[in-house]
Amino acid sequence: MPSKASILSMSALNKVLYRVPNMPRQVDLMFTNLCNLDCKMCPKYFFKLKEKHMTFALFKKIADRLSGVEQISFIGYGEPLLNPDFFKSVEYGKKKGFKITAVSNGYMLGTRKVFDNLVKSDIDAIRFSIETVKEEDVGGHVGSKKVLENIEKLKKEWIRLGKKNKVIINTVVYKETHRNIIPIIEWAEKAGLDMVDIAHFNKLGAKIESVMELEKELRLYEKIEKRGFAIPVATLYDRYKGIRKMAFRFMKKCPMAFDDVHIDIEGGISPCICGLPTTIFGNVLKDDLKQVWNSEKFRQFRNNQEKICEKCTLFKLYS
Ligand SMILES: C[S@@+](CC[C@H](N)C(=O)[O-])C[C@H]1O[C@@H](n2cnc3c(N)ncnc32)[C@H](O)[C@@H]1O
Ligand code: SF4
Ligand code: SF4
């Protein structure tokens, strides 16, 4: 049997050679398209998606057909914690052996029942999206005092109970937010959270035109690196350092198409939730995910991904 180290180096080599794994590592699941916010940066309405929650019955059917997948991320163009079947679905996914994560705006933590259920839940990690720690409109998520307090309280509760569930902060860099990123990291570090993940702005479908100059964005990443925060901070730049630069063909290819798959609110299989949620290559309820993932349609997509994803800027550092 190959050792863990050789499996790891094999997977690194596969990335450099751009080999596609047999199955996607992660399923980004459109768990709801109903939201309690309307962020200007979000392409939610651009995609004209069906505004509904995924039911537990449907989630169960989908999860039963995902063997070989490591992680399910509950996401969507909406707020997963609004879906009344959230906790039941997390529990079922955990029982099936998946790593479960979710991406949330944190506003539902103010609802006692949701907060208490999250404390009890076995979710592996939850990502909260924040673009400012001040009460200001920057077109993204306002980390209102109450939201920030509730996030801190959740982490403290998990620590008090000896639970290892992770709290990660997602934040997006653009013109209106670049000054906010360091204060967000400082707050997350002080609150004892587990990581800050800085995303590049995707202008596709956003209601604001806020792309930053590349030089400025890279200077920010350097500044963050120099500060040497105790909390881990991930930036898009990390994906392209050293050998990884080669892995993603010097930024011409997007890693998303090689690691993740998106499953929509009706079981539709698409290559990516971020920019292609309506490009459907099959349906997990009747098609075999492995076959779709390795199909000609997917191969064509990966080969021509630069063209197909022309308008998406999420994983591109332009120079
Ligand atoms: C679409 S939201 C859905 C989950 C939840 N409603 C939330 O906001 O966290 C998923 C992630 O996409 C990010 N996002 C939204 N608009 C974006 C954009 N234009 N560029 C990059 N990321 C964006 C959000 O900040 C969030 O972390
Ligand atoms: S980013 Fe999230 S919270 Fe904001 S509008 Fe989009 S789905 Fe809703
Ligand atoms: S370039 Fe954008 S739309 Fe294309 S796979 Fe990557 S994240 Fe998705």
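Since the structure is predicted, the reported quantities are computational estimates derived from the model, not experimental observations.

(A) Molecular detail of the site of ligand 1. In the region of ligand 1, 18 residues are neighbours, and C42, V103, S129, N170 and N202 sit closest. Its residues assigned to classes, the shell around ligand 1 comprises eleven nonpolar, six polar and one charged.

(B) Region of interest: the nonpolar core. If you look at the biggest cluster of nonpolar residues, it comprises 73 residues, and the most contacted ones within it are L29, M30, I169, I184 and I263. Of the residues forming this core, the biggest block, five residues, is contributed by strand β5 (residues 166-173). Discounting chain neighbours no more than four positions away, the residues touching M30 are M54, I75, G76, H262, I263, D264, I265, I273 and P277.

(C) Structural view of the packing of helix α4 (residues 112-120) against helix α5 (residues 145-160). α5 packs onto α4 with a crossing angle of 35° between their chain directions and a minimal axis gap of 9 Å. When you trace α4 past α5, the crossing you get is right-handed. Across from F115, L118 and V119 in α4, the residues of α5 making contact are N150, L154, E157 and W158. Tallied by class, residues from the contact of α4 with α5 come to five nonpolar, one polar and one charged.

(D) Inspection of the site of ligand 2 at higher detail. As a structural note, the neighbourhood of ligand 2 is formed by C35, L37, D38, C39, C42, K44, Y77, G78, E79 and N105. Of the residues that constitute the shell around ligand 2, the class distribution is five nonpolar, two polar and three charged.

(E) A look at the environment of I265. Along the chain, the position of I265 falls in the loop between β8 (260-263) and β9 (268-270). By the C-beta count within 10 Å, which is 22 here, I265 ends up buried. Distance in space between the C-alpha atoms of I265 and F59 is 9.2 Å, their sequence separation being 206 residues. I265 has contacts with M30, N33, K50, K52 and M54, leaving out every residue within four places of it along the chain.

(F) Quick look at the packing of helix α2 (residues 56-63) against helix α3 (residues 86-95). Between α2 and α3, the shortest axis-to-axis distance is 10 Å and the interhelical angle comes to 15°. With respect to each other, α2 and α3 are oriented roughly parallel. For the element pair α2 and α3, the recorded crossing hand is right-handed. Every residue of α3 that contacts α2 at F56, F59, K60 and A63 is listed here: K88, S89, Y92 and G93.

(G) Quick peek at the sheet that holds strand β6 (residues 195-200). Reading across the sheet, the ten strands line up as β7-β6-β5-β4-β3-β2-β1-β8-β9-β10 and stay open at both edges, with mixed pairing between neighbours. Strands with a single pairing partner mark the edges of an open sheet, and in this sheet they are β7 (233-234) and β10 (282-283).

The rules behind the values
What you see as residue numbers is a count from 1 along each chain, following the sequence as written. Here chains are named by letter from A upward and ligands by number from 1 upward, in the order in which they appear as written. With the structure being a predicted model, the display of local features is reserved for residues of pLDDT at least 70 and the display and counting of side-chain atom pairs for 80 or more, all residues being used for whole-chain, interface and lining totals. Nearness is defined per residue: the C-beta atom, placed using the backbone, must lie within 6 Å of the molecule or strand. In this count, Pro and Cys sit with the nonpolar residues alongside Ala, Val, Leu, Ile, Met, Phe, Trp and Tyr, while Asp, Glu, Lys and Arg are called charged and the others, Gly among them, polar. Nonpolar cores are built from buried Ala, Val, Leu, Ile, Met, Phe, Trp, Tyr and Cys residues. These are joined into a set through C-beta atoms within 7 Å. Comment: burial labels come from other C-beta atoms within 10 Å of the residue's own C-beta, placed from the backbone, where a count of 20 or more is buried, 12 or fewer is exposed, and between is partly exposed. Numbering of helices and strands runs from the N terminus, with a helix taken as a DSSP run of H or I at least four residues long and a strand as a DSSP run of E at least two residues long. Residues are defined as contacting one another if the C-beta atoms placed from their backbone atoms lie within 7 Å. A fitted line through C-alpha atoms represents every axis, and for helices the fit uses only the stretch in contact; the resulting angles, taken between N-to-C directions, go from 0 to 180 degrees. Each helix crossing is assigned a hand: it is left-handed if the near helix lies turned anticlockwise from the far helix by less than a right angle, otherwise right-handed if that turn is clockwise. Angles are sorted into four bins: roughly parallel if under 35 degrees, roughly antiparallel if over 145, roughly perpendicular if 65 to 115, and oblique for all others. Should DSSP find at least two bridges between two strands, the strands are taken to pair.

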